[in-house]
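Topology and contacts: notes
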Amino acid sequence: MNDHPVKHTLFISALLLVCLLAYTACSVKKTPDYSSGCENTHTNMPAGLSAAEKARALLPEKLIKIGFVQVGHESDWRIAATKSCQEVFSEENGYELFFVDADNDPQVQTDAVRKFIQERMDYILIDPILTTGWTAVLKEAYHAQIPVILLDRTIDCSKRYYTAWFGSDFVREGEYAGQWLQSYLNRQGRGCDPIHIVTINGTEGASAQLGRTEGFRRYLNRHSEWKLLAEECGDFTESGGRMVMEQYLKRYKSIDVVICQNDNEALGACAAMDEAGISYGKDGDVILISFDASRAGLEAVMEGKINADFECNPLSPPYAAAAIQKLEAGIRLKEQDNYLPEECFTSDERPMILKSEDETKQMRNVTRELLKNRAY
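Scope of this entry: the structure provided in the associated data block. Because the structure is predicted, anything quoted here is derived from the model rather than measured.

Turning our eyes to something else, we now look at the overall build of the protein. Broken down by element type, the protein carries 12 helices and 14 strands. Scored against the burial criterion, the 376 residues of the protein give a buried share of 46%. The contacts of the protein with a sequence gap of at least 6 include a subset with a gap of at least 24, amounting to 71%. Taken as a whole, the protein presents about 19100 Å² of accessible surface, with 51% of it coming from carbon and sulfur.

Here's what the structure looks like:
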């Protein structure tokens, strides 16, 4: 006689549990979609699942934790690279991004990486300020089994301590600049004339600065008539470029070529020459060479202010994200070091063809249509 109330209570409890699970399965979705009804949440569900199994299947997936430490915000190029990273590693794309702007302080970068290790990031992304000083902290990430992906600049460190690198061939950029200058001077009938050159370097010790310097020097050493008057650091900034150029104009009476290791420095050099009444660019007395091919730099090429601009692609984050998705799927990466696609631009009406050991590159003129379709 006393069994019936107990059975009745158990039946009611079981019925409530089933209703609760059914309600949970109907109301919880992997990604909120307020335009669809409850019945659509089961569209891709395997047949035969219980209400509880369906509810668990619809719970949100774990976001991939990305720790990214950026160089800073010193240039248009750097801002474009940061924007790309924030767009690619968004929550909508399945990531949780932890971002640190190091403001060109190497110590901030290594401290940030150590914090990422402590907080157990799934992946660590680094755009290194300097090539040196990375071995110790990358060893820590390696032993913590956190893959490290490098963007843009390279480092002096054993390759076992990072998983992949996506960036530019800075040495080749410098070689292309030298090759272009050689051909341009020949076209002008100045191939054998004495040429006085000044360089505004990027941040000393950065792989972009080291590579572009090395690449251009290979052509400099071939030409005894080319004289490098000076090379000073402009720190990849417009203010730095202007300050260094002002010093050069006070120091040297004759300057034929100015090489700026990024567009912001070049724009600063333009301002200094404008103020001094020096003509430059396509129809001027001074030949101006730059690197990066940012939007502002290409506008200066189109206006004839910059003679030649060699691209450094800031859009490495999508390539890093593709590598992460492969690693998440258990797929081994084919290449550890990966160069990004890049182009070369000129204000010359007859764009040159540049050649290296393994590629031929047609330089391009800059048009409004080209700028309209560029992502940066």
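Of note, the phi angle at Gln145 is positive, near 60 degrees, even though the residue is not glycine. Positionally, Gln145 belongs in the loop between helix H5 (135–143) and strand E4 (148–152). Located in the positive-phi region is Phe236, a residue other than glycine, with phi close to 65 degrees. Locating Phe236 in the fold gives a position in the loop between strand E7 (226–233) and helix H8 (238–251). Residue classification places Phe236 among the buried residues on the basis of a relative accessible area of 4%.

Attention now moves to the side chain of Ser347. Along the polypeptide, Ser347 turns up in the loop between strand E12 (344–346) and strand E13 (353–355). Taking the relative accessible area as the measure of exposure, Ser347 reaches 10% and is therefore buried. Engagement of the side chain of Ser347 in a polar contact is seen with the backbone oxygen of Ile306, the distance being 3.5 Å. Beyond its immediate chain neighbours, meaning those up to four positions away, Ser347 contacts Lys282, Val301, Gly304, Ile306, Asn307 and Asn365.

So, on to the sheet that holds strand E6 (residues 195–201). Pairing within the open sheet is mixed, and its six strands lie in the order E7-E6-E8-E9-E10-E12. Either end of the sheet is taken by a strand with one partner, and the two such strands are E7 and E12. For this sheet, the mean inter-axis angle between neighbouring strands, taken without regard to orientation, is 15 degrees. Relative to strand E9 (residues 287–292), strand E8 (residues 257–260) runs parallel, the two being bridged by three bridges. The residue bridging Ile259 from the neighbouring strand is Ile289, located in E9. Against the sheet, helix H7 (residues 207–220) engages E6, E7, E8 and E9, with an angle of about 170 degrees to E7.

Parameters at a glance
Residues numbered from 1 in each chain as written. Predicted model: local features only at pLDDT ≥ 70, side-chain atom pairs only at ≥ 80, totals over all residues. Heavy atoms only, no water. Helix = DSSP H or I, 4+ residues; strand = E, 2+ residues; numbered from the N terminus. Buried < 20%, exposed > 50% of the residue type's maximum accessible area, 1.4 Å probe, protein only. Contact = heavy atoms within 4.5 Å. Areas by Shrake-Rupley, 256 points an atom, 1.4 Å probe, with all protein chains shown as cover. Polar contact = N/O pair within 3.5 Å; in protein donor to acceptor, adjacent residues only side chain to side chain. Pairing = 2+ DSSP bridges. Axes fitted to C-alpha atoms, helices over the stretch in contact; angles between N-to-C directions.

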